[in-house]
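Structural overview for review
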Amino acid sequence: MNEVLKCIKERRTTRKFKPEQIKDEELQMIVEAGLFAPSGENYQPWHFTVVQNKELLDEMNFETKEVFKKSDNEAYRRVGNNEKFMPSYNAPTVIIVSGNKESEYTEADCAAATQNMLLAAHSLGVASCWAAAVTVAFNGEKNEYFRDKLNIPDNYTPFYAVLLGYSDNTPSKAPKRKENTVNYMK
């Protein structure tokens, strides 16, 4: 099977990471894969912030849970009050994917960059998780504090987080794909 297709079919989300930090070479290749994602009009509206500082990640996890606790959504409040829930799942590396508000296709472009990084990570033996919850910290009272601390440009919105590390569990098999989701008109 083609290596790219194999990687797409085999990649699974990991939510249990070893504390060991990923190698700098792996990180650079993963980030580069994100930079080479397609984007509308080749605008490349993304900005990546790599966080490997555990204290800062713990602070972001705490703030995310605080925002969840105050949510109108009951499910989010339950998550925020769950002592065991850790938004970053203790991944040693987190990449915040932010998008330029001026681009018409920013969110889709950032999603493409995120997917590229997830696939690159898998191809390198690095486990990953696409997590929007981590960016909820930017919806709370400490929004400006985190934006300043992480040097996120003023006109950028944090959309997603890519959690990276080495898996501390056995990946599950792919669930069966839904049927009747493709129409062919020839």
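What you see is a predicted model; the values in this text were computed from it and never measured. Numbering of residues begins from 1 in every chain and follows the order in which that chain's sequence is written. Totals for whole chains, interfaces and linings use every residue, but because this is a predicted model, local features are given only for residues with pLDDT of at least 70 and side-chain atom pairs only at 80 or more, for both listing and counting. Each side-chain value is worked out from all heavy atoms of the structure, with water and hydrogens disregarded.

1. Considering the pairing of strand 2 (residues 93-100)
Only protein chains enter the accessibility calculation, which uses a 1.4 Å probe. A residue is then buried if its area is under 20% of the maximum for its type, exposed if over 50%, and partly exposed in between. By the criteria applied, helices consist of DSSP H or I runs no shorter than four residues and strands consist of E runs no shorter than two, each listed in order from the N terminus. Counting buried positions along strand 2 gives eight out of eight residues, so the element sits mostly inside the fold. The two faces of strand 2 match: Thr-93, Ile-95, Val-97 and Gly-99 on one face and Val-94, Ile-96, Ser-98 and Asn-100 on the other face are all buried. In terms of strand pairing, strand 1 (residues 46-51) meets strand 2 through six bridges, oriented antiparallel. Counted as the bridge partner of Val-50 is Ile-95 from strand 2. Only strands joined by at least two bridges in the DSSP assignment are considered to pair.

2. Side note on the packing of helix 1 (residues 3-10) against helix 5 (residues 106-123)
Remark: helix 1 packs on helix 5, axes separated minimally by 9 Å, with the N-to-C direction vectors making an angle of 100°. Classified by the angle between their axes, helix 1 and helix 5 sit roughly perpendicular to one another. In contact with Cys-7, Ile-8 and Glu-10 of helix 1, helix 5 contributes Leu-119, His-122 and Ser-123. Class assignment for the residues of the contact of helix 1 with helix 5 results in three nonpolar, two polar and one charged. In this analysis, axes come from line fits to C-alpha atoms, helices being fitted only over the stretch in contact, and the angle between any two N-to-C directions falls in the range 0 to 180 degrees. Comment on the angle field: the value is read as roughly parallel under 35 degrees, roughly antiparallel over 145, roughly perpendicular from 65 to 115, and oblique elsewhere. We call two residues contacting when some pair of their heavy atoms lies within 4.5 Å. Each residue is assigned to one class: nonpolar for Ala, Val, Leu, Ile, Met, Phe, Trp, Tyr, Cys and Pro, charged for Asp, Glu, Lys and Arg, and polar for all the others, Gly among them.

3. Section: the sheet that holds strand 2
Pairing is antiparallel across the open sheet formed by four strands, whose spatial order is 1-2-4-3. With one partner strand each, in any of the chains shown, strand 1 and strand 3 (127-131) form the two edges of the open sheet. Averaged over neighbouring strand pairs, the angle between their axes works out to 25° when direction is ignored. Set on the sheet, helix 2 (residues 24-35) makes contact with strand 1, strand 2 and strand 4 (156-165); between it and strand 1 the angle comes to about 165°.

4. Thoughts on the side chain of Lys-65
One can find Lys-65 in helix 3 (residues 54-69). Only 2.6 Å separates the side chain of Lys-65 from the backbone oxygen of Asn-82, close enough to count as a polar contact. With residues up to four places along the chain from it excluded, the contact list for Lys-65 reads Val-79, Gly-80, Asn-82, Glu-83, Phe-85 and Pro-87. We call two N or O atoms a polar contact when they sit within 3.5 Å, provided that within protein one can donate a hydrogen and the other can accept it, with sequence-adjacent residues counted only if both atoms are side-chain atoms.

5. Describing helix 3
For helix 3, spanning 16 residues, the distance from its first C-alpha to its last is 22 Å, which sits close to the expected 22 Å at 1.5 Å a residue. Along helix 3, the residues that are buried comprise Leu-56, Leu-57, Met-60, Asn-61, Glu-63, Thr-64, Lys-65, Val-67 and Phe-68. Of the surrounding elements, those touching the buried residues of helix 3 are strand 1, helix 4 (74-81), strand 2 and helix 6 (143-149). A helix is expected to span 1.5 Å for every residue after the first.

6. Overview of unusual backbone geometry
One non-glycine residue, Gln-44, lies in the positive phi region at around 50°. Within the secondary structure, Gln-44 sits in the loop between helix 2 and strand 1. Judged by relative accessible area, which is 38%, Gln-44 ranks as partly exposed. Residues other than glycine seldom take positive phi values, yet Asn-151 does so here, at roughly 55°. Among the secondary structure elements, Asn-151 is positioned in the loop between helix 6 and strand 4. Classification of Asn-151 by relative accessible area gives exposed; the value is 62%.

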